[in-house]
Amino acid sequence: MFRRLAALFFLAAVLPAAAETPAKQLFGAVKDPAPLASRSIGTYARGCLAGAQLLPINGPAWQVMRLSRNRNWGNPALVNFLEHLAAKAPSAGWNGLLVGDMSQPRGGPMATGHASHQIGLDADIWLTPMPKRELTYDERERVSAVSMLAPDTLSVDPKKFTNRQFNIIRLTAKQPEVERIFVNRAIKKALCEQTSGDRGWLSKVRPWWGHDYHFHVRIACPRNSPTCKPQKEPPSGDGCGAELQSWYAPLPKPTKPSKPKPPPPEITLKDLPPECSQVLVAK
Ligand SMILES: [Zn+2]
């Protein structure tokens with residue numbers, strides 16, 4: 001309680017207007033990381049990031065996309081994880097990683113695109129392999145990722161979702177740091193159908209909306225982050241039975257005409273851990 005009050009007092013002194021401002025505007029406006037000890041604070045969808053590290057835009061087996069977004073920041077544990085995963089990718093027949101959004105320089109909510117990615121432990125990886133040459137800045141802005149779905153969206157298009165995509169997702173899921181991977185239901189269905197042998201890794205691969213152009217990898221709270229809040233373990237089992245089926249169930253018909261729901265209130269600084277107010281203003 002004292003820490004929360006102290007943080008609010010601190011905030012009121014430093015940022016009089018900030019308490020009411022949507023946190024996505026505050027965190028979205030900061031261009032550099034907080035010069036504090038590296039740590040992820042809070043939960044994947046309500047938190048922030050101190051001492052973020054930049055994933056270099058080019059590596060031996062990765063390239064960062066959409067550079068104008070300035071979202072290639074992460075907990076050093078995530079940067080290290082991606083560098084190691086990229087190094088292993090060629091052994092899975094994947095030339096290298098095209099890396100999409102990670103986190104903003106100080107994490108926090110984003111103005112566009114994601115509910116999570118707030119604490120520097122999430123990264124989007126394109127389901128398009130890295131080309132052999134270095135992409136230009138413009139190409140990284142403009143090249144579109146390719147959807148893996150067939151036109152009916154119920155299944156993958158086998159010409160697009162091949163062994164290569166299967167192998168890079170499996171390789172990623174098998175890394176011990178990985179807590180969850182999010183993919184479209186049709187991709188989860190394809191993984192379920194195409195897996196022979198060990199199925200343990202499938203429990204980490206969770207169906208989610210979208211995620212047909214990229215997969216989203218989330219690593220566990222690292223040791224450097226005592227105030228990072230871990231998620232529950234995913235349910236055991238491969239998730240290929242009733243759970244996958246539930247993603248194909250018809251939507252329930254509304255019983256009475258429904259009023260459009262008001263949008264949920266914006267996240268403000270008071271919804272985030274108190275430490276995040278300090279992370280925001282640290283110089
Ligand atoms: Zn994502």
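Here, every reference points to the structure presented above.
Residues numbered from 1 in each chain as written. Predicted model: local features only at pLDDT ≥ 70, side-chain atom pairs only at ≥ 80, totals over all residues. Heavy atoms only, no water.

Draft legend 1. Just the side chain of Ser225, in detail. Residue placement: Ser225 occurs in the loop between strand S11 (214–219) and helix H7 (242–246). Among residues more than four places away in sequence, those in contact with Ser225 are Arg39, Ser40 and Asn75. (Helix = DSSP H or I, 4+ residues; strand = E, 2+ residues; numbered from the N terminus. Contact = heavy atoms within 4.5 Å.)

Draft legend 2. Local environment of the packing of aromatic side chains. Under the counting rule described, the total for this entry stands at 4 aromatic pairs. Centroid distance Phe166 to Trp201: 5.8 Å. Interplanar angle 90°. Geometry classified as edge-to-face. In this pair, Phe166 sits in helix H5 (residues 163–173) while Trp201 sits in the loop between helix H6 (185–194) and strand S10 (205–207), placing the two residues 35 residues apart along the sequence. As far as the burial class goes, Phe166 and Trp201 line up, both buried. Members of the aromatic cluster, each reached through a chain of ring pairs, are Phe182, Trp208, Trp209 and Trp247. Across from the ring centre of Tyr44, 4.3 Å away, lies the NZ or CZ of Arg218, which sits over that ring. (Phe/Tyr/Trp six-rings, centres within 6.5 Å; stacked < 30°, edge-to-face > 60°. Buried < 20%, exposed > 50% of the residue type's maximum accessible area, 1.4 Å probe, protein only. Lys NZ or Arg CZ within 6 Å of the ring centre and 35° of its normal.)

Draft legend 3. Focus on the coordination of the zinc ion. Note on the zinc ion: its protein donors are His117 (NE2), Asp124 (OD) and His216 (ND1). The metal-donor distances range over 2.0 to 2.3 Å. If you list the donors of the zinc ion from N- to C-terminus, the spacing comes out as H-x6-D-x91-H. The same class applies to His117 and to Asp124, which are both buried. (Donors = N, O, S within 2.8 Å, 3.2 Å for Na, K, Ca; no water.)

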